[in-house]
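Letter by letter, the chains look like this.
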Amino acid sequence: MGEYRERDGRAAGLTVWERTDGGGRYRVLPDGCMDLVWHDGSLLIAGPDTVAHVSQDRPGSHYAGLRFAPGVGPAVLGAPAGEVRDLRVPLDVLWPAAQARELAERAAGDPAAVLEAWAVARLRAAGPADPLTGAVAAALAAGSTVAAAAAGAGLGERQLRRRCEAAFGYGPKTLARVLRLQRALALARGGTPFAEVAVEAGFADQPHLAREVRALAGVPLGDLLRPVDQDAAAAAKRSTALPSGSSTTA
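These numbers come from a predicted model, not from an experiment.

Student: Can you walk me through the environment of serine 144 in this structure?
Tutor: Inspection of the secondary structure assignment puts serine 144 in the loop between α5 (131–141) and α6 (146–153). A residue is classified by how much of its surface remains accessible, and serine 144, at 23% relative accessible area, is partly exposed. Sequence-wise, serine 144 and glycine 202 are 58 residues apart; in three dimensions their C-alpha atoms are separated by 9.2 Å. Setting aside chain neighbours within four positions, we find serine 144 in contact with Ala139 and Ala149.

Student: Looking at this model, I keep getting lost on the pattern of salt bridges. Mind explaining?
Tutor: Between side chains of opposite charge, pairing is possible as soon as their charged atoms come close. Counted under the stated rule, the structure contains eleven salt bridges. Ionic pairing is found between glutamate 165 and arginine 161, a salt bridge with its closest N-O pair at 2.9 Å. Taken together, the positions of glutamate 165 and arginine 161, both in helix α7 (residues 157–168) and four residues apart, correspond to about one turn of that helix. In this structure, arginine 177 and glutamate 212 form a salt bridge, with 2.7 Å as the shortest nitrogen-oxygen distance. Taken together, the residues span a long stretch of sequence, with arginine 177 in helix α8 (residues 172–189) and glutamate 212 in helix α10 (residues 206–217) at a distance of 35 residues. Relative accessible area serves as the criterion here: at 11%, glutamate 212 is assigned to the buried category.

Student: Is there a simple way to explain the nonpolar core in this structure?
Tutor: A general tendency of soluble globular proteins is for nonpolar side chains to be buried together. The biggest cluster of nonpolar side chains holds 29 residues, and the ones touching the most others in it are Leu36, Leu43, Phe68, Leu91, Leu115 and Trp118. With six residues, helix α4 (residues 111–126) is the largest single contributor of residues to this core. The contacts of leucine 36, once residues within four sequence positions are left out, are Leu43, Leu44, Ile45, Ala64, Gly65, Leu66, Phe68, Leu77, Leu91, Leu115 and Trp118.

Student: Got a minute to help me understand the pairing of strand β4 (residues 42–46) in this structure?
Tutor: Side-chain direction in a regular strand flips from residue to residue, so the side chains alternate between the two faces of the sheet. Within β4, four of the five residues are buried, leaving the element largely enclosed by the surrounding structure. With five bridges connecting them, strand β3 (residues 34–39) and β4 associate as antiparallel partners. Counted as the bridge partner of valine 37 is leucine 44 from β4. Hairpin connection between β3 and β4: a loop of two residues separates the two successive antiparallel strands, and aspartate 40 in this loop has a positive phi of roughly 55°. When β4 meets strand β6 (residues 88–90), the two strands line up antiparallel, connected through three bridges. Pairing of isoleucine 45 across the sheet is with valine 89, part of β6.

Student: Whenever I open this one, the packing of helix α3 (residues 97–107) against α4 confuses me. Can you help?
Tutor: The axes of two packed helices give the description: the angle between them and the distance between them. At a closest axis distance of 8 Å, the pairing of α3 and α4 adopts a crossing angle of 130°. As summarised for this structure, α3 and α4 are arranged oblique, according to the angle between their axes. Taking contact as the criterion, the partners of Leu103, Arg106 and Ala107 in α3 are, on α4, Pro111, Val114, Leu115 and Trp118. Partitioning the contact of α3 with α4 into residue classes produces six nonpolar, no polar and one charged.

Reading the values: rules and limits
- Position labels on residues start from 1 in each chain and follow its written sequence.
- Owing to the predicted nature of the model, reporting of local features is limited to residues with pLDDT of at least 70; listing and counting of side-chain atom pairs is limited to 80 or more, with chain, interface and lining totals taken over all residues.
- Heavy atoms from the whole structure form the basis of all side-chain values; hydrogens and water molecules are not counted.
- Comment: elements are numbered from the N terminus, with helices defined as DSSP H or I runs of at least four residues and strands as E runs of at least two.
- A simple rule labels every residue: compare its accessible area, found with a 1.4 Å probe on the protein chains alone, to the largest value its type can have, and call it buried under 20%, exposed over 50%, or partly exposed in between.
- In what follows, residue pairs with any heavy atoms lying within 4.5 Å of each other are defined as contacts.
- The working definition used for a salt bridge is a side-chain nitrogen of Lys or Arg within 4 Å of a carboxyl oxygen of Asp or Glu.
- In plain words, nonpolar cores are sets of buried Ala, Val, Leu, Ile, Met, Phe, Trp, Tyr and Cys residues tied together by side-chain atoms within 4.5 Å.
- Pairing between two strands is assigned when DSSP locates at least 2 bridges connecting them.
- Throughout, an axis means a line fitted to C-alpha atoms (over the contacting stretch in the case of helices), and angles, computed between N-to-C directions, take values from 0 to 180 degrees.
- For classification purposes, angles smaller than 35 degrees are called roughly parallel, those larger than 145 roughly antiparallel, those between 65 and 115 roughly perpendicular, and all remaining angles oblique.
- Gly falls in the polar group here, along with every residue not listed as nonpolar (Ala, Val, Leu, Ile, Met, Phe, Trp, Tyr, Cys, Pro) or charged (Asp, Glu, Lys, Arg).

That is the geometry; function is a separate question.
In structure tokens, the structure reads:
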């Protein structure tokens with residue numbers, strides 16, 4: 001699996017990560033995040049996933065990148081999240097090629113540090129974050145219904161959907177499903193029995209949990225909890241061969 005390290009970045013909603021000596025097959029689970037990934041001198045954007053992304057990584061690969069919490073990425077990357085949903089896109093597809101190349105070249109010596117400094121500067125220049133997107137993401141992550149999240153934001157459900165698609169890459173119902181999956185995984189990895197996971201994470205029952213996990217992750221919940229996966233749990237989409245998702249499995 002290689003060595004994976006991550007830490008909180010110097011701005012809210014930013015995580016800095018690096019993986020060295022990678023290799024093998026990865027199942028990348030959706031988590032609502034976007035990533036900027038440096039690999040072999042090039043930069044990629046990993047958009048927010050709606051389902052698991054499976055990738056093959058060559059031995060000895062070195063990646064470094066930034067993970068942006070739901071709603072944060074568009075302000076830094078300069079593109080609505082919906083434009084890169086379920087995609088891994090070279091940065092120069094969305095940016096002028098010269099600008100993308102210049103940032104990649106600057107990052108070559110210490111990609112994690114350079115990209116972090118660049119992102120912090122971009123976030124400062126962008127000004128205060130939209131409080132609505134943060135509030136909606138927090139409400140849905142805590143298990144709120146879409147109707148309750150819309151009411152809390154002072155919006156109708158259609159208005160909320162439009163705002164969510166630009167900020168998160170998909171509507172609030174999909175974001176709620178993705179974040180509910182992440183709650184379930186956290187509980188299951190902590191040893192909570194599956195029947196209790198279903199109740200605590202907000203599923204109707206255990207069969208509902210099983211259906212949703214298979215629909216979003218492509219495999220049963222038990223397959224995501226094997227010991228090898230525990231070791232790789234932090235190595236998210238950003239550490240795939242073609243980088244969204246918060247967990248990987250081998």
